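Here are the chains, one letter per residue:
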Amino acid sequence: MKDLTTELPDGRLFIGGEWETGTGAEITSTYPHDGSFNLSFKGASRADGEKAIARAKAAQADPAWANLLPHERARMLHAIADGIEANIERISYVQSRDTGKTRGETRALAGSAVGTFRYFAAVLETSDDDLTVQRATALTASIHEPIGVVAAITPWNSPIASDAQKVAPALAAGNAVIIKPSSWSPMVSLVLAEICEEVGLPKGLLSVLPGAGREIGNLLVEHCDIGRVAFTGGTVTGRRLAAQAGEKLMPVSLELGGKSPTIVFEDHDRDLTIAGILFGIFSSSGQSCIAGSRLFVQKAIYDDFLADLVKATEKLVVGAPDDPATQVAPMICAEHRDSVEKYIALAQEEGGKVLCGGTRPEGEAFAKGSYLKPTIIAGLTNDAQVCREEIFGPVLVVLPFEDEAEVIAQSNDNDYGLACGIWTKDFPRAWRLARAIKAGTVWINTYKQFSISTPFGGDGASGMGREKGREGLRAWQRQKGIYADLTGNPHPWARVGQ
Ligand code: NAD
């Protein structure tokens, strides 16, 4: 009998509600643990994209969707949440096969997608349009309408969560959505499409088009019928996309990379801090936009703290995604690991010293996988290239600092502004720093905790716009002002009837 929890998608694309073979370039998914084959299929071409957009446009305008009242649309979001919840094991399996993430992490990501759909169902049912303060003889109102057809372009590192963060509010707002997942993680969004179809989302409202960024991604940004794009990915791609969107005067949100500072003062709690730092940089094998990848440690405790941190890092269990003991799983693919290894070599050329890791784990179990040991590098200054650029792997650079003013200056001396961690028992100081540091999210004595009700996004090279939170719904709507005359009197300027 077929095991439904380990079934991979069949390789067809979800084009405006129809399962069809793509006509774009071939995509192959392999398991990062051992390179074994998952799936090979044709990705989306521009023609597939055009078809999806046309079907989405018709579905979005169809009164069967367009005339639903908010609480009726909310019901659909709850149904999708239930569908995801019933399929957590399968989603976890597919995503771990695709990305090499631990099963624990992919289960949690699927769980967070459930929460996201439920949250936006609740937001939808409780978000009011407003009667605005009257300043004349008209009744004035501010109302929110769907944009139309919108797109979500997502990266490979947390696909189901990135999809949910965009699709849930976009559908809640009454739009039709096209997801363009990364070619490195093409499978899980197709499972989401299966679920949406199964629970009765009207045909055409969702499309899933894995394919080349240059081809299908570009089409979604340029096409005149796409009214908004939410992008999560690298800063270089995000900048290009924002320029194209600017030309078209289309709103975009950009969730981009980071080089987030984590700051340890001498009055920190040692176990709490070390656990948080390890989780912040080495969970997800460091392939996380908010990874705490730049660690600042106060000079008075620098040597002592670093010795403890290295000891704890060396104890982390590197292993297979399906082994419950694994803390650090393989990276997405050998090509990406190569790019991370180049940064480690560069750090050494820049004068950095590798305190632990820096190499691939040895042994038969790791031979075919894209594994890399958790790595700590010290001896550099904040202007070194490896301290400035996002590495997106299990690599932590450590820097000493003297006092509060210096660490604020160093933390902010970076193009990115995504996240920050502060470790101290002095709460007023933590609060001062939280306000002074350029970052969309600050964690105090914790790291990488998330809540769908708290807005998330970055500043500077980390992007623009916010997702999540009640306002997350508004980003997918157009606001309209309506004036309704209350007097029945012709405007005096026209002198009609005088
Ligand atoms: P990427 O920029 O290479 O790709 C992201 C998506 O954009 C993919 O689907 C890709 O196919 C598509 N794309 C590529 N070229 C395109 C083009 N010209 N037009 C339209 N779409 C195009 O990023 P990645 O390597 O997949 O992901 C890693 C990056 O994502 C890291 O920098 C990471 O920090 C960032 N990220 C940010 C967040 C956040 O919320 N801030 C979350 C996760 C990942």
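Sequence order as written defines the numbering, with residues in each chain counted from 1. In view of the model being predicted, local features appear only for residues whose pLDDT reaches at least 70, and side-chain atom pairs are presented and counted only at 80 or more, with totals across whole chains, interfaces and linings using the full set of residues. Only hydrogens and water are set aside; all other atoms, that is, all heavy atoms of the structure, feed into the side-chain values.

J.: Any details on the overall build of the chain? Residues and values, ideally.
T.: The numbering of helices and of strands both runs from the N terminus, where a helix is a DSSP run of H or I of at least 4 residues and a strand a run of E of at least 2. Looking only at helices and strands, the chain has 16 helices and 22 strands in total. To get the radius of gyration, use the C-alpha atoms; to get the globule rule, take the number of residues to the power 0.38 and multiply by 2.2 Å. The C-alpha radius of gyration of the chain comes to 24 Å, within 12% of the 23 Å expected for a compact globule of 498 residues. Note on classification: 1.4 Å probe, protein chains only; a residue is buried when its accessible area is under 20% of the maximum for its type, exposed when over 50%, partly exposed between these limits. Across the 498 residues in the chain, those meeting the buried criterion constitute 55%. Residue contacts are counted whenever heavy atoms from the two residues lie within 4.5 Å of one another. Excluding contacts between residues fewer than 6 apart, the proportion of contacts in the chain whose partners are at least 24 apart in sequence is 74%. Per-residue accessibility takes into account occlusion by the displayed protein chains alone, with areas from the Shrake-Rupley method and a 1.4 Å probe. Within the structure as shown, the chain displays about 20900 Å² of accessible surface, and the carbon and sulfur contribution to it stands at 53%. Asp and Glu are treated as the negative residues and Lys and Arg as the positive ones, with His and the ends of the chain left uncounted. All charge positions are set by atom: Lys at NZ, Arg at CZ, Asp at CG, Glu at CD. For the chain, the separation between the mean place of its 50 positive charges and that of its 61 negative charges on side chains is 3 Å.

J.: Before we move on, can you summarise the sheet that holds strand β15 (residues 375–378) with the specific residues and values?
T.: Taken in spatial order, the seven strands of this open sheet run β14-β15-β16-β13-β12-β18-β19, and their pairing is mixed. In this open sheet, the two edge strands, each paired with only one partner strand, are β14 (353–356) and β19 (441–444). Averaged over all adjacent pairs, the angle separating strand axes in this sheet is 25°, with direction ignored. As judged from the four bridges shared by strand β18 (residues 419–423) and β19, these two strands associate in the parallel manner. Among the inter-strand pairings, C420 is bridged to a residue of β19, identified as V442. DSSP bridges decide pairing: two strands pair if at least two such bridges lie between them. Where helices are involved, their axes are fitted lines through C-alpha atoms of the stretch in contact, as for all axes, and angles between N-to-C directions lie from 0 to 180°.

J.: Explain the site of the ligand residue by residue, including any values.
T.: If even one non-hydrogen atom of a residue comes within 4 Å of a molecule or strand, that residue is called near it. Around the ligand sit 26 residues in total, of which T154, K180, T237, L256 and E390 are the nearest. Between T154 and the ligand, the recorded distance is 2.7 Å, taken from a backbone N or O atom to an oxygen atom. Note that a nitrogen atom of the ligand is positioned 2.7 Å from one of the backbone N or O atoms of L256. Surface burial for the ligand is 86%, taken as the share of its 850 Å² of free accessible area covered by protein chains. If you list the elements that add at least two residues to the shell around the ligand, you get α8 (213–222), β10 (226–232) and α9 (235–248). Considering only residue class, the shell around the ligand consists of 11 nonpolar, 11 polar and four charged. Each domain's extent was defined by an automatic or database domain assignment. Counting the residues that make up the shell around the ligand, at least three belong to each of domain 1 (13–256 + 462–482) and domain 2 (261–444). Pairing of N or O atoms within 3.5 Å defines a polar contact, subject to two protein rules: one partner must be a possible hydrogen donor and the other a possible acceptor, and residues neighboring in sequence count only if both atoms are side-chain atoms. Residues were grouped as follows: Ala, Val, Leu, Ile, Met, Phe, Trp, Tyr, Cys and Pro as nonpolar; Asp, Glu, Lys and Arg as charged; and all remaining residues, including Gly, as polar.

J.: Which residues make up the sheet that holds strand β6 (residues 138–146), and what are the values?
T.: The strand order across the open sheet built from three strands is β5-β6-β22, with neighbouring strands paired in antiparallel fashion. If you trace the sheet from one side to the other, it starts and ends with β5 (130–131) and β22 (477–485), each paired once. Bridging between β6 and β22 involves nine bridges; their strand directions are antiparallel. Bridging across to β22, T140 finds its partner in Y483.

J.: I'd like a rundown of the UniProt feature "active site" (unreviewed entry) in the chain, residues and numbers included.
T.: UniProt positions are given in the numbering used here, feature names are shortened, and annotations may be inferred rather than shown by experiment. Within the UniProt annotation, "active site" (unreviewed entry) is assigned to E255. Residue placement: E255 occurs in strand β11 (residues 252–255). The exposure class of E255 is buried, given its relative accessible area of 5%. The contact partners of E255, leaving out residues within four places of it in the chain, are F231, T232, G233, F456, G457, G458, S462, R466 and E467.

J.: Just give me the short version of the UniProt feature "domain: Aldehyde dehydrogenase" (unreviewed entry) in the chain, but keep the residues and values in it.
T.: Listed under "domain: Aldehyde dehydrogenase" (unreviewed entry) in the UniProt record, and renumbered for this structure, are residues 19–480. Split by type, residues 19–480 is 41% helix and 20% strand. Its first and last C-alpha atoms lie 36 Å apart.

J.: Residue-level account of the environment of D338, with values.
T.: Within the secondary structure, D338 is located in helix α12 (residues 334–349). The sequence separation of D338 and S370 amounts to 32 residues, and the corresponding C-alpha distance is 9.0 Å.

J.: Talk me through the side chain of K468; I want residue IDs and the actual numbers.
T.: As for its placement among the helices and strands, K468 is situated in the loop between β21 (463–464) and α16 (471–474). Buried charge K468 goes without a salt bridge, the closest partner of opposite sign being E467 at 7.5 Å. Not counting residues within four places of it along the chain, the set of residues in contact with K468 comprises F120, Q165, F450, S451, I452, T454, P455 and F456. By definition, a salt bridge exists where a carboxyl oxygen of Asp or Glu is found within 4 Å of a side-chain nitrogen of Lys or Arg.

J.: Describe the pairing of strand β4 (residues 37–42), naming the residues involved and giving the relevant values.
T.: In this sheet, β4 lies alongside strand β3 (residues 26–30) in antiparallel orientation, the contact comprising five bridges. Its bridge partner being in β4, I27 is matched across the sheet by F41. Linking β3 back to β4 in an antiparallel pair, the connection comprises six residues, with G35 at a positive phi of about 70°.

J.: Talk me through α9; I want residue IDs and the actual numbers.
T.: How far a helix is expected to stretch is found by multiplying one less than its residue total by 1.5 Å. Relative to the 20 Å expected for 14 residues at 1.5 Å per residue, α9 spans 20 Å between its end C-alpha atoms, a close match to the ideal helical length. All of the buried residues along α9 are T235, G238, L241 and A245. Within α9, the buried residues cover an arc of 120° as seen down the axis, which keeps them to one side. Of the exposed residues in α9, those oriented more than 90 degrees away from the buried face are V236, R239, R240, A243 and E247. Lining the buried residues of α9 we find β7 (149–153), α8, β10, β11 and β17 (416–417). Note: the arc covers the axis-to-C-beta directions of the helix.

J.: So what's going on with a nonpolar patch on the surface? Which residues, and what values?
T.: Residues forming no salt bridge and having over 30% relative accessible area are the ones grouped into patches, like charges within 9 Å of each other and nonpolar side chains (Val, Leu, Ile, Met, Phe, Trp, Tyr) within 5 Å. On the surface, L131, L139 and L486 cluster together into a nonpolar patch covering about 300 Å² of accessible area. Take L131: its relative accessible area is 62%, and that puts it in the exposed class.

J.: I'd like to hear about the domain arrangement of the chain, residue by residue, with values.
T.: Examined at the domain level, the chain breaks down into domain 1 (13–256 + 462–482) and domain 2 (261–444). Placing the centre of domain 1 and that of domain 2 at their C-alpha centroids yields a distance of 31 Å. Contacts between domain 1 and domain 2 engage 19 residues on the former and 25 residues on the latter. A simple way to read buried area is as the amount of 1.4 Å-probe accessible surface that goes missing from two parts once joined, with both sides added. Buried surface at the junction of domain 1 and domain 2, summed over both partners, amounts to about 1800 Å²; 58% is from carbon and sulfur atoms. On the domain 1 side of the interface with domain 2, the three residues burying the most area are H33, W184 and S462, jointly 31% of the side's total. Run the count over domain 1 and domain 2 and you get zero salt bridges. Taken together, the connections running from domain 1 to domain 2 amount to eight residue pairs in polar contact (both at pLDDT 80 or more). For the side of domain 1 that touches domain 2, the secondary structure elements donating two or more residues are α4 (88–99) and α5 (103–126). In terms of residue class, the side of domain 1 that touches domain 2 is made up of five nonpolar, eight polar and six charged.

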